[in-house]
Each structure stands twice: as structure tokens, then as C-alpha cells.
Amino acid sequence: MHTNVATNHTKTEILQLLLQLALSSGGSFAIWRKPKSNTVEIVLDETANPFKVDLSIEELEPGFIVHPFADQVDKKAYFIKASKYFSFEIDKPIATDELPEWAKIQLNNQEKLSPAEIRELLINQTLVSKIKTSKLSEQKDHFTQLVKEGIKAIQQNLLEKVVPARTKTISIPPNFNLSCTLLKLMDSYPNAFINFFHLPHVGTWIGASPETLIETKGDTFYTMSLAGTQIAIGDNPLKSAAWTQKEIEEQALVSRYIVSCFKKIRLREYEEHGPKTVLAGNLLHLRSDFKINMQETGFPELGSIMLGLLHPTSAVCGMPRGEAHDFLQEFEGFDRSFYSGFLGPVNIQGSTSIYVNLRTASLHDNEATLYAGAGVTEDSDPEKEWEETELKCQIIGKFIQNPSA
Ligand SMILES: C=C(O[C@H]1C=CC=C(C(=O)O)[C@@H]1O)C(=O)O
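Residues numbered from 1 in each chain as written. Predicted model: local features only at pLDDT ≥ 70, side-chain atom pairs only at ≥ 80, totals over all residues. Heavy atoms only, no water.

1. Considerations on the nonpolar core
Within the largest apolar cluster, 67 residues are counted, with the highest numbers of intra-cluster contacts made by Phe64, Ile65, Phe197, Ile214, Met306 and Ile354. Filtering out sequence-adjacent residues up to four positions away, Ile214 remains in contact with Ile57, Phe221, Tyr222, Gly303, Met306, Leu307, Leu310, Thr352, Ser353 and Ile354. Grouped together as the second largest cluster of nonpolar side chains are 48 residues, Leu21, Ile31, Leu182 and Ala208 included. (Core = buried A, V, L, I, M, F, W, Y, C linked by side-chain atoms within 4.5 Å. Buried < 20%, exposed > 50% of the residue type's maximum accessible area, 1.4 Å probe, protein only. Contact = heavy atoms within 4.5 Å.)

Structural data, given as C-alpha cells:
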């Protein structure tokens, strides 16, 4: 007798199945989990060539946007259309019946790949997207010199703040298991935006961002200013953290920048809360929150407007923005690619949540390139800024090298 028993799948099995489907589809896809959420979401667009869109986000169909740090000549961003969308709760087993039809069909027709085979598939897909970082951007001497140049420019009143960055390349170990790494990141960093995206021939990135660039839901617009870094120590790091003048000023500059954007568009009514100490992995930052009612203030398209004005914020570039950008172009010596750009779901389930692409790594061939920067003010110590970037690199790096870290 044939009984129709629903098979339950664990979150690891589901994620493995989705990764196998998406990686073998030849298309673009993104998988993410928003901060403080238990929902894992995926969008998949099987079109072979990555697609680009204008930044008028209110007009976009549901999907996932990805923009590099640098302004684009065409003023466009990559966009993964939600041709296929699925979400599941991380803390509940999923029955085969609950899978969307497209996943069920594949599940029945395809042989299930092992984690090692999925790793192989990933590596084959990323062979071509090797990011051109220079050897210089990996070197401590180069970075500390960059910080010194930044301090000099600040002392000469050319800049108020600048955020130089560096890279660190590690090998992807033979036992690397992408679904385990993603689940471990979700478990370890509940306050972060955990993300993975693959754009064929463009890039494959994994990250755990602590910084929202813009969020819109219903009539509410939200953004934050995040800066200042120290290691979280002790039983109650949020309560016991003390901040120096340097860090307070560094974060205040980011807040002032946001307020100056509001002023530019004559938006006068906003709520500002903070700064308060927040946890991001094992690091602490200072954060202020800004909220606006888009309907009451008469700015229904505030999402797009602020996206245009805010990026790149002084948390990733510096102040004044143009001068800091030119300084980085001249002295940083490498292409930041998607690091410190922005990414996130657009118009999905009635909301848009776009994050700054921080605590992130690009996967290519057998290697991962980690990216991190540090806010430099007049009182910066180059050695300490280097150590800060080491800590920031570890946030993702440790789970690529050893998922059970
Ligand atoms: C530029 C980065 O972090 C920014 C966000 C929070 C704190 C920062 C800082 O303390 O320097 C940076 O402004 C990065 O993680 O690469």
C-alpha cells in the first residue's frame, strides 16, 4: 500500500537543496536573513546575464539590489529579480509539501549533491570572477601609511574624517560547507543582515552587515548612523563600554551627515534616538537611529531620495564626502568592488531593507578575499586601526575557515 507521508527537512537540508538548485541554474540569486529575524529568504533569477536597474527603488518589482562602492557611470545597480522566491523559518522543520513547485520538481529530478559537491559547484562558478585586488591592499605597512596620510590630510583641514580599507585573502578549506557557514553566521550574529549573493561572472559574496543604509515599510523610513569600534568584553559589554572622544566624534560626524542630507531636501520632521552602544559580533559600535513618517512629511519616495544622498556614508568613505572619496581613489590603491557598497531586498512582502555591505568577503576560485576599513580622525593610532580591521575581517573569516569556530 502506498501512503503519502510528508518528509520533513532540516534547515541544513533545505539550505543545501536551495544552494544546489540556485548554483546549478546558471542564474543570479541571493539568500539572506534580516537582523533579529528567523526567516531565511531566497530570490533566484535564472536569466544567465545579470540584470541592471535605475535606483528608483519604489518602482522596482520585487528583488534584491546590489551596488558597488564606486558610483556607476550608468547610475545603475545589479538587480536579482524575484522570478523565484521562497522563505522558510529557521527554527521549524519543513515538509516537502511546503516547498515551492520549482524546488519540488528539481528535488524529484536531481540527485542530491553532498556539501563537498556543492563546494565544487561554487568554486567552478566563481573561477571567472577573480577580483583584482593589489598585493598592496593586503599589506600592513601600506594600510598604516594610508592612515598616516589620512591623519595628515585631517590636520591640514582637507578632511574631517576618512575611512581607509584593506583586504585579506584566505584559502577556502577543503571541508568548507557553504550552508553550514551561512547557518553558523545566522546563529552567531542575530543582529546582522546575513547575506550571500551570486551574480554570474560578476561576483559571489558572503557577509554579515551590522549597518542599515535605508529601510522603508508602510509609511515609515528608517536609517542609522553607525561608527566607533571596540571589542566587547566582560559579562555585560553593552553596559560597561566606555567611549573615547575620538569614537564619539567619529560617530557624531556620521549623524551630522545624515541630518545634512535631510536639510538638503528640507525635511524637518524626523525622530533621532541615540547614540547607544550596540553589539555586532564580538565588536561594539555607537549607533543613532533616525525615523521619518514619509506620508506626513510628504516624501513618499524618501527611500530612493535618501539612497542617492546617503551612499557612501561617512561610516565607509569620510567627510566631506567628495574630498574623502578623492583621497581614497588616490591613496587606497585597490578596487573596493562590492565592499562598502549596498545590498538588500527591495519591495518584498511590502518592505525594502538595504544595508551597507560590511563584514563581507568575495569568494573566487579556492580563495576568499575579506574586506575591512576603519574610521580615521585626527586622534587615530595607525597600529590600532590595523588591529581593528583584523577584528572586522575575522567576523566572516573565521566561519569560512572553520564553520564550527
Ligand atoms: C568600515 C567598516 O565599518 C564602519 C562601520 C562601523 C564602524 C566603523 C569604525 O569604527 O571605523 C566603520 O565606520 C568596516 O567594517 O569595514
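2. Details of the side chain of Ser209
In this structure, Ser209 sits in strand E12 (residues 203-209). Separated by 3.1 Å, the side chain of Ser209 and the backbone nitrogen of Glu211 make a polar contact. Leave out the neighbours within four places in its chain, and Ser209 touches Ala192, Phe193, Asn195, Tyr355, Val356 and Leu358. (Helix = DSSP H or I, 4+ residues; strand = E, 2+ residues; numbered from the N terminus. Polar contact = N/O pair within 3.5 Å; in protein donor to acceptor, adjacent residues only side chain to side chain.)

3. Structural notes on the packing of aromatic side chains
Two descriptors summarise a pair of aromatic rings, namely the distance from one centre to the other and the angle between the planes of the rings. Counting across every chain of the model gives 17 aromatic pairs. Ring centres of Trp205 and Phe338 lie 5.8 Å apart, and the angle between their planes is 90°; on these two criteria the pair is classed as edge-to-face. Taken together, the residues span a long stretch of sequence, with Trp205 in strand E12 and Phe338 in the loop between helix H9 (321-331) and strand E18 (342-346) at a distance of 133 residues. In this structure, Trp205 and Phe338 share a single accessibility class: buried. Relative to Phe331, the ring of Phe327 has its centre 4.8 Å away and its plane inclined at 45°; by these criteria the two rings are tilted. Of this pair, Phe327 and Phe331 are both found in helix H9, 4 residues apart, which corresponds to roughly one turn of the helix. A connected cluster of aromatic rings, assembled from ring pairs, spans Tyr78, Phe197, Trp205, Phe334, Phe338, Tyr339 and Tyr371. Sitting over the ring of Phe51, Lys81 keeps its end group 4.5 Å from the ring centre. (Phe/Tyr/Trp six-rings, centres within 6.5 Å; stacked < 30°, edge-to-face > 60°. Lys NZ or Arg CZ within 6 Å of the ring centre and 35° of its normal.)

4. Brief notes about the UniProt feature "domain: Chorismate-utilising enzyme C-terminal" (unreviewed entry) in the protein
Following the UniProt record, one finds the feature "domain: Chorismate-utilising enzyme C-terminal" (unreviewed entry) at residues 140-392. In the segment residues 140-392, helix accounts for 32% and strand for 34%; the C-alpha atoms at its two ends are 15 Å apart. (UniProt positions renumbered as here; feature names shortened; annotations may be inferred.)

5. Points about the sheet that holds strand E2 (residues 28-33)
Taken together, 8 strands build an open sheet; the order of strands is E7-E3-E2-E11-E12-E20-E21-E10 and the sheet is antiparallel. Edge strands, defined here as strands with exactly one partner in the open sheet, are strand E7 (84-89) and strand E10 (165-171). Taken pair by pair, the neighbouring strands of this sheet meet at an average axis angle of 15°, ignoring direction. Where strand E20 (residues 360-364) meets strand E21 (residues 367-373), 5 bridges bridge the pair, whose relative direction is antiparallel. Of the residues in E21, the one forming a bridge with His364 is Glu367. Sheet strands touched by helix H5 (residues 178-188): E2, strand E3 (39-45), strand E11 (193-199) and E12. Its angle to E11, the strand with the most contacts, is close to 150°. In the packing of helix H10 (residues 382-401) onto the sheet, contacts are made with E10, E12, E20 and E21, and the angle to E21 comes to roughly 150°. (Pairing = 2+ DSSP bridges. Axes fitted to C-alpha atoms, helices over the stretch in contact; angles between N-to-C directions.)

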